[in-house]
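Chains, contacts and geometry: an overview
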Amino acid sequence: MSQEPESARPGPRTTEAIIHLFERWVRGTPEARAVVTGGTHLSYRELDLRANRLARHLRDAGLPADGTVAVGTDRMPDVLVAVLATLKAGGAYTVIDPRTTPATVRQQLDRIDPFAVITDHDNRARLDHGDGRRTICLDSEARAIAAHPAEPLDVLPGDTAAVLFTAAGSPRAVPVGHARLLAAYEGWAEVYGLTPQDRHLVTARPDATMFTGAWVRALCSGGALVLPERRSGEAHRLISAESVTVVDTDPSGAARLLRGTTGQHPALSSLRVVTVAGDRLYLDEQEELCRRLRPEVRLLNVYGVTEAAGCGTWFELSQLSAPVEHPGRVSLIGTPFPGCRVETDGDGGIRLTPPGGGDAILTGDFGRLREDGLLEYRGRAGHRVAVGRRSFDPYHVESLLHDHPQIGACLVAAVDGGARSRRPAAYVVPSGTAVPDAAGIRTFLTGKVPDQEIPGTVVRLRSLPRNRAGQEDRGALPHPARPADGRAAGGGKSGEATGDGLPVAIVVGCGMFLPALFALLFTDLIWPGSTDLSAVPGPWSWFFRALYLFECLAFAAGVVFLVAGRFWMRKAGKPRGLTTAAHLAIVWLLVSWWPQDNFHRLAAKDDWPRQAALVYTFNVPLMIAAAIVAVYVARKPSGRADED
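Residues numbered from 1 in each chain as written. Predicted model: local features only at pLDDT ≥ 70, side-chain atom pairs only at ≥ 80, totals over all residues. Heavy atoms only, no water.

Secondary structure assignment for the protein yields 18 helices and 25 strands. Residues counted as buried form 50% of the 644 residues belonging to the protein. In the protein, the proportion of contacts linking residues at least 24 apart, taken out of those at least 6 apart, comes to 66%. Per element, the accessible surface of the protein, about 28900 Å² overall, is 57% carbon and sulfur. (Helix = DSSP H or I, 4+ residues; strand = E, 2+ residues; numbered from the N terminus. Buried < 20%, exposed > 50% of the residue type's maximum accessible area, 1.4 Å probe, protein only. Contact = heavy atoms within 4.5 Å. Areas by Shrake-Rupley, 256 points an atom, 1.4 Å probe, with all protein chains shown as cover.)

Okay, here's the thing in structure tokens:
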């Protein structure tokens, strides 16, 4: 591959870029450890040499100034090499998780339309959709990449450093410039007290905003980035093995890392800072995590948005001037990072001015500025629950329930209650073995919130569902197994009970008996001679008798599904219109076999008008019905009024 002529290259650097902070440590401490993952250790010099060669490969491939490169590999060292190489070549990077759904991958690639996709053999098929995009496979092009000189390119950085995707709802692409990342780094360095001796462990996936913040903090301060492999227990082991000093994680990650530990646990003796981002913590949760750490270890709850590279506000318990009454009901997101500004509007909406200045970002969250100057989280606009003709913010109910002694975590969402009505449901994670039922929750909340906001159903969960950024994922909440009846839903066994207390299998069996009997008795009355097997020799006649029985049973199942199937299907939370169409399609697929085969058996093979009529009456609708069911199965649950 030809080298780029010197005259075609941009002039000397005139703009500071985030990659320059990394390169200063390459020159100053080239042999210092930069990346640790699995059995791989890379020094700053080794990481820089690999990134330089890949950067030249990108430039020779024609990467334009400020062009976007998608990184789609799950091999951690290669992710960092590709990110740094893109920045060194003057481009902007975005990381795509190749293990996510094909629809999400395609959607993300379509939204950013990258110049190239960097991947590997194992993931190439998931990212190369044959749409003409250039694909750079690190395996098959390894020799060509290694043949490039290892000296850094002399190019001007583009305006954009990274394109990050939001985690809530449908992923949205957000460009983040070098200036914003540099300003965010300055704020992080001041609050965290970053040093070259730090070893940073991050539990977030590379496509999350938290990962970008973690690698910037580690590699731009001269520290080492420690990346656990995707298996249980790896992060906990690495804290001790690599003397990790800074941990970046989310609420569930912090709970896993610190489960069963105490402040004197030897595996945690090296820690000095633990940051919990992605979602807010209640004060009692933060206090419990602190009790599992040494007193001198700082535990920070960090609040930010993707547009600000995840930098916004931070809170630690030492900021409190006095104890807080009912800490289980209060979530504080603290004070702004240096370079940021936060304020609330007349409705309580939080506006965040990103690091380095710029237009204020309306975060979609609500807050209250307390007398001590700390910002208190008060809910999110996208989580509102619609019940009847009114809607309400569920955060107040959730915070009250979180303070219940038997509840460890809780979300409130709206579910369908039949006849197009909606009702609140509480999804709870018990703090012990017991969980309050609907009657107990009503008693607990009566007088504290309006009656319409009191959940009528309780769904017990092992843990709250979370998205790739560690945020509570309301869109992944299951539909309650049955209407509210004063008992906890979601914990029963399959077929445990229906509204009348009879096992589901008995109800279905009784419901199928009459339609099946009808079909068996009246087939010969409606289609005389259609089941006549006198001319069919044995044992083949028994095959056809079994076929007639299955047709009658399918007809009976279709009748039962017509009456009760839509209620069961609505629990999947998919669009109402699609659910109705799929319900009727399944009914047709089951019911139509009984009349279809009887009509076909009585039609002469050369009776073309009747044959055509039967095909268009039965066979074509069967194909359409199957297509509708396929769409229904493939379609993800739809958003509700209380979701992002």
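Taken as a whole, helix α11 (residues 283–291) has its buried residues at L283, Q286 and L289. Taken around the axis of α11, the buried residues stretch over an arc of 125 degrees, which confines them to a single face. Lining the buried residues of α11 we find α10 (251–258), β13 (298–303), β14 (313–315) and β15 (332–336). (Arc of directions from axis to C-beta.)

The next subject is the packing of helix α17 (residues 593–602) against helix α18 (residues 608–634). The axes of two packed helices give the description: the angle between them and the distance between them. Interaxial distance between α17 and α18 falls to 11 Å at its minimum, and their mutual angle equals 160 degrees. Classed by the angle they form, the pair α17 and α18 counts as roughly antiparallel. Viewed along their axes, α17 and α18 form a crossing whose handedness is left-handed. Along the contact surface, α17 presents W593, P595, Q596, F599, H600 and L602, while α18 presents R610, Q611, L614, F618, N619 and L622. For the contact of α17 with α18, the residue count by class is 7 nonpolar, 4 polar and 1 charged. (Axes fitted to C-alpha atoms, helices over the stretch in contact; angles between N-to-C directions. Parallel < 35°, antiparallel > 145°, perpendicular 65-115°, else oblique. Left-handed = near helix turned anticlockwise from the far one by under 90°. Nonpolar A, V, L, I, M, F, W, Y, C, P; charged D, E, K, R; others polar.)

What follows is about the packing of aromatic side chains. This structure, assessed with the given rule, holds 7 aromatic pairs. For the pair Y192 and F337, a centre-to-centre distance of 6.2 Å together with 70 degrees between the ring planes defines the contact as edge-to-face. Within this pair, whereas Y192 is found in helix α7 (residues 178–192), its partner F337 is found in the loop between β15 and β16 (341–344), the two being separated by 145 residues in sequence. Using a relative accessible area of 1% as the deciding quantity, one classes F337 as buried. Summarising the aromatic geometry, the rings of W588 and F618 are spaced 5.9 Å apart at their centres and angled 10 degrees between planes, so their arrangement reads as stacked. Here W588 is found in helix α16 (residues 576–591), whereas its partner F618 is found in helix α18, with 30 residues between them in sequence. Of the aromatic side chains, those joined through ring pairs into one cluster are Y192, W314 and F337. Over the ring of W188 we find R217, and its NZ or CZ is 4.7 Å from the ring centre. (Phe/Tyr/Trp six-rings, centres within 6.5 Å; stacked < 30°, edge-to-face > 60°. Lys NZ or Arg CZ within 6 Å of the ring centre and 35° of its normal.)

Because each turn of an α-helix spans 3.6 residues, side chains separated by three or four positions in sequence point in the same direction. Here helix α12 (residues 395–402) lies mainly inside the structure; 7 of its 8 residues are buried. Within α12, burial applies to Y395, V397, E398, S399, L400, L401 and H402.

Our next topic: the pattern of salt bridges. Per the counting criterion, the structure on display carries 31 salt bridges. Its salt-bridge partner being E16, residue R24 comes within 2.8 Å of it at the nearest N-O pair. Taking relative accessible area as the criterion, R24 reaches 44% and is therefore assigned partly exposed. Two residues, K88 and D48, come together in a salt bridge whose shortest N-O distance is 2.5 Å. One end of the pair, K88, is in helix α3 (residues 76–88); the other, D48, is in helix α2 (residues 44–60), with 40 residues separating them in the sequence. Ionic contacts of the salt-bridge type, sharing partners, join the residues R50, R75, D78 and D139 into one network. (Salt bridge = Lys/Arg side-chain N within 4 Å of Asp/Glu carboxyl O.)

Turning our eyes to something else, we now look at the pairing of strand β1 (residues 33–37). The element β1 is extensively covered by neighbouring structure, given that 4 of its 5 residues are classed as buried. Direction of pairing for β1 relative to strand β2 (residues 40–43): antiparallel, over a ladder of 4 bridges. By the bridge assignment for β2, V35 is matched with L42. Linking two consecutive strands that pair antiparallel, namely β1 and β2, is a turn of 2 residues; a positive phi of about 55 degrees is found at G38 within it. For β1 and strand β10 (residues 224–227), the ladder comprises 3 bridges, and the chain directions are parallel. Residue pairing in the sheet places V36 in a bridge with V226 of β10. (Pairing = 2+ DSSP bridges.)

The backbone of S243 shows a phi angle near 50 degrees, a positive value even though the residue is not glycine. Residue placement: S243 occurs in the loop between α9 (234–241) and β11 (246–249). Phi at H326 is positive, roughly 55 degrees, even though this residue is not glycine. Topologically, H326 is positioned in the loop between β14 and β15.

The next subject is the confidence of the model for the protein. Taken over all residues, the pLDDT of the protein has a mean of 83, while the share at 70 or more is 86%. Mean pLDDT across the elements of the protein bottoms out in strand β25 (residues 488–489) (46) and peaks in β14 (97). Note that residues 1–14 has pLDDT below 50 and, in this model, 26 contacts with residues that lie over four places away or in other chains. Considering only residues more than four positions removed or in separate chains, one finds that residues 483–502, a stretch of pLDDT under 50, has 33 contacts. (pLDDT = per-residue confidence, 0-100.)

So, about the side chain of S592. Mapped onto the elements of the fold, S592 is located in the loop between α16 and α17. Only 2.7 Å separates the side chain of S592 from the backbone oxygen of W588, close enough to count as a polar contact. Not counting residues within four places of it along the chain, the set of residues in contact with S592 comprises F618 and L622. (Polar contact = N/O pair within 3.5 Å; in protein donor to acceptor, adjacent residues only side chain to side chain.)

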